[in-house]
Each structure stands twice: as structure tokens, then as C-alpha cells.
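Okay, here's what each chain looks like letter by letter:
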Amino acid sequence: MQSAHQSCCLFQCNGLCGESFHIHCTSSTQQHMRSVQDVPNLFWRCDGCVKAMETPEYRTAFRALCEAFRTVSETQTKAIEEVKAELAETNEKIDQLMSKLPDPKVEPTWPSNKRRRSSSSSVKPEVPKASVGRKVMKFAVPILPTTDGHDDMVWIWLSSFPPTVTEDDIRVMVRECLSFDDDEIIDVKMLVKKDADISKLRAVSFKVGVDLKHEETALDGDNWPAGVSFREFIFYDQKRFETELMEKHLSCIENIRRIAGPHDVIVVAGDYNQGSLVWKHLSGNRSYVDPQLTRTRTEKERLTHGVMLDGMANCNMHQCNLVKNDRNRILDLIFVSDDDCTVVAAADEPLVPLDAPHPALVFDIDASRTVFVQDSGGC
């Protein structure tokens, strides 16, 4: 509704012209105008607009305009409904495709290319949670000569420091934090990878060795600066861990053999990462390790090789893959309980991009027999 301008006795036409008029210049009365003001649904038009809007031309044009608005509104509503229907259909197709996808691949527990650490026991010890120092202090950082190690030591892990901090800096900090005399032995080692560019690291950690008699003092958070994380440093026996892990792997194979029938075939395939083993063809699809060409580099490798080969032999499993990688080695091994029914070859059409050390393999198995397949790695 158009409001009346009472201050100057003018009323605005709500018709085509939109002009303002004095009430005495129109055919309307004061009572009419008060009704227009009081009732929101009433609109006032001047005499000229009333006559113009009563003509057939105006009525025809007005109806056409209303019809056009209605058509546009219906078209928009229909288009929106069609888009909603297409989206619903697309979502349904996506759900159907997702339901057909295989479950995400579970990370293998063994073997892996990642380096593992182990303890001297069969159970890997839990690393204690790092504590944080609480002592607020300021100290200078002079340079002191490096000291030798000590047999009877407690080792502390300290973190995290800017890469500009050196082992000598940490030695000075430890001496002041723990109130050591100048002749007290403090062994410090920065924990970074060999040949790493320290300047590109965000932070570095250290392991610190002090005499065992200072164990309680070294593990007291009140003695370390605020913000410094610390805990006892845990040493792991890598050699023992890998052999024990191999023994657990072989134990799983033995369990499968117990439940398998006499005519069932067991296949164990995976990246064993035993590149120093040299495999030679024996007969059929069976191979063996050539002891004259195999050169173990470490005691850990020798132990792992022995456990794996002896264990597979005890399980009556034969290695049948002779496909070498780009370095003329065989990292991916395929052990089967019946080598006569398995043929291994390089795949002509890999399903995923190739990893040079791990060529794509294909092996055929008699489909008429039950097959137990164990994936032992990321091959």
C-alpha cells in the first residue's frame, strides 16, 4: 500500500502514473483516504489510471503478464525437480559402485621395507611417555670437548631442539641442569639419520648418557628446563626382533597346514626383502638357495635366512619364483605347498604402476583345488 502524505495533503497514486494528488483534486473523499491508510489491502488510484486500467487493452496485457509469470514459475519449479531427481539417481549409482569396491587393503604385519626395532625379549617393550621439564633457568652455552662413553650409564632421550643446537650445547645444558661437576662424564649423541642435512630439519633430538647413580636425578622433571621433553632412552635388538617375527610368520603357516586338507594348496606370497639370497632352478617350478653365491652381509641376515629357510622346509613349502628385478635380485618370494600346480612368470599387463625392485608377477594355480593364500608383504 502506498502511504498518504498527510503533511501536505497529497496522496500517491498506486496505478500506472505514480503521481501525487491533493484530495480535493480527486473524486475521493476524506473517509476514502482514511480507509486506504487504515486497511493494508486497499490501494488508491487516480481517476486517469482507473479509466486506463479498465480498457480491454490493459486487461489483455495484464493477463498476458500474469500468464508469463506463472509459466516462468512453473518452468523453474519443474527444472529444480528434474535436477533433484538426477542428483538422487547419481547418488544411488555412486552408492552401488562403492558397495562393489573391495575392502581397503590391510597393512601387512610382515615383512615390510620399513626398518623395525626390537627388544631383547619376545615382547617389544612399551616406550614410556615423555615428560616435560619444569625448571625455569638461563644459562650460557660454552663449548666443551666431547667425552667418551661409559658402560654403567642411564640414557635419556631429550627433545625437541632447533637444528642449530649441537651436542656440546646439550652437554653444557645437562651439566648445569643436573648440577654435575666438570669431571662428570656426559655422553651426548644427536639422533639424526646418517648423512642427513641437519639445516633442513625442523627439530632434532638427542640421547644423553650419564652415570647410573644419577638415574633418579636425570628422570626428575624438576631438573629440566620448561618445554624440554625427556624420557628414558630405550635400546632395541634389531637382530632378535626380525628372527622372532619370522618365527611368528612361520607359526601362522604351520597353523594353516593343520587345517588344510590333503589335496589343498597353500600359497604364501610377499616381499621378504632377502636380496642377498641367490635362488636357482632345481626341477619343475622348484628352486633352491645357492650357498656358494649367497653372501650374507651381517649376522642378522644369516640368522633370518636360517630361520626362514628351515621353517619353510619344515612346513614343506617350496619357493617357485625366479623372476628377477632390475638389480638382478629376487625380493618377492612365492612359497607353495605343491609346486607342480603353480607356474610363476612376469606379468605382461601390470594392474598398477611398476616398482622397479618388485616386478609384477602372475602365477597359475589349479582352480579345481582349494587354495589358501597368505599375503606376507607389499609385493
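Note on numbering: residues in each chain are counted from 1, in written sequence order. Local features in a predicted model are, by the rule used here, given only for residues with pLDDT of at least 70; side-chain atom pairs are given and counted only at 80 or more, and totals for whole chains, interfaces and linings are based on all residues. The basis for the side-chain values is all heavy atoms of the structure; hydrogens and waters are excluded.

1. Notes on the overall build of the chain
Helix and strand assignments come from DSSP, with helices taken as H or I runs of at least 4 residues and strands as E runs of at least 2, each series counted from the N terminus. When helices and strands are counted, the chain shows seven helices and 16 strands. For each residue, the accessible area found with a 1.4 Å probe, counting protein chains only, is set against the maximum for its type, and the residue is called buried under 20%, exposed over 50%, and partly exposed in between. Sorting the 379 residues of the chain into buried and exposed places 32% on the buried side. Residues are treated as being in contact if the distance between any of their heavy atoms lies within 4.5 Å. Pairs at least 24 residues apart make up 69% of the contacts formed inside the chain by residues separated by at least 6 positions.

2. Looking at the packing of aromatic side chains
Planes of paired rings set the category: under 30 degrees apart is stacked, over 60 is edge-to-face and the rest tilted, where pairs are Phe, Tyr or Trp rings (Trp by its six-membered ring) whose centres lie within 6.5 Å. Per the counting criterion, the structure on display carries six aromatic pairs. With a centroid separation of 6.0 Å and 65° between ring planes, the pair formed by Phe21 and Trp44 is classed as edge-to-face. Of this pair, Phe21 sits in strand 3 (residues 20–22) while Trp44 sits in the loop between helix 1 (30–38) and helix 2 (47–53); the two residues are 23 residues apart in sequence, bridging distant segments of the chain. Classification of Phe21 as partly exposed rests on a relative accessible area of 24%. Between Tyr58 and Phe62, the aromatic rings sit 6.1 Å apart at their centres with planes inclined by 15°, giving stacked as the arrangement. Of the two residues, Tyr58 and Phe62 both sit in helix 3 (residues 56–100), four residues apart, roughly one turn of that helix. Exposure remark for Tyr58: the relative accessible area of 22% places this residue in the partly exposed category. Residue classification places Phe62 among the partly exposed residues on the basis of a relative accessible area of 44%. Above the plane of the ring of Trp155 lies Lys207, whose end atom (NZ or CZ) is 5.3 Å from the centre. Both a distance and an angle decide whether a charge sits over a ring: NZ of Lys or CZ of Arg must be within 6 Å of the ring centre and within 35 degrees of the ring normal. Here the guanidinium or amino end of Arg231 rests over the ring plane of Trp157, the centre of that ring lying 4.5 Å away.

3. Some details on the nonpolar core
Working definition of a nonpolar core: buried Ala, Val, Leu, Ile, Met, Phe, Trp, Tyr and Cys residues. They are joined through side-chain atoms within 4.5 Å. By size, the foremost hydrophobic cluster in this structure holds 22 residues, and its most contacted members are Leu158, Phe161, Ile170, Val174 and Trp224. With residues up to four places along the chain from it excluded, the contact list for Ile170 reads Leu158, Phe161, Val165, Val188, Phe206 and Val208. Residues Ile253, Ile256, Ala260 and Met312 belong to the second largest nonpolar core, which totals 18 residues.

4. Structural notes on the side chain of Asn321
Structurally, Asn321 is set in the loop between strand 12 (318–319) and strand 13 (332–336). Think of a polar contact as two N or O atoms within 3.5 Å of one another; within protein, one of them needs to be a possible hydrogen donor and the other a possible acceptor, and neighboring residues in sequence only count if both atoms come from side chains. Among the polar contacts listed, one links the side chain of Asn321 to the backbone nitrogen of Val323, at a separation of 3.0 Å. There is a polar contact of 2.5 Å between the side chain of Asn321 and the backbone oxygen of Asp332. In contact with Asn321, not counting residues within four places along its chain, are Ile330, Asp332, Ile334, Val344 and Leu361.

5. Regarding the pairing of strand 13
In terms of burial, strand 13 is largely enclosed, as five of its five residues are buried. Burial of the side chains of strand 13 extends over both faces: Asp332, Ile334 and Val336 are buried on one face and Leu333 and Phe335 on the other. Pairing of strand 9 (residues 265–271) with strand 13 involves five bridges; the strand directions are antiparallel. Across the sheet, Ala269 pairs through a bridge with Ile334, a residue of strand 13. When DSSP finds at least two bridges between two strands, those strands are taken to pair. Direction of pairing for strand 12 relative to strand 13: antiparallel, over a ladder of two bridges. Residue Gln319 lies in a different strand from strand 13, and its bridge partner there is Phe335.

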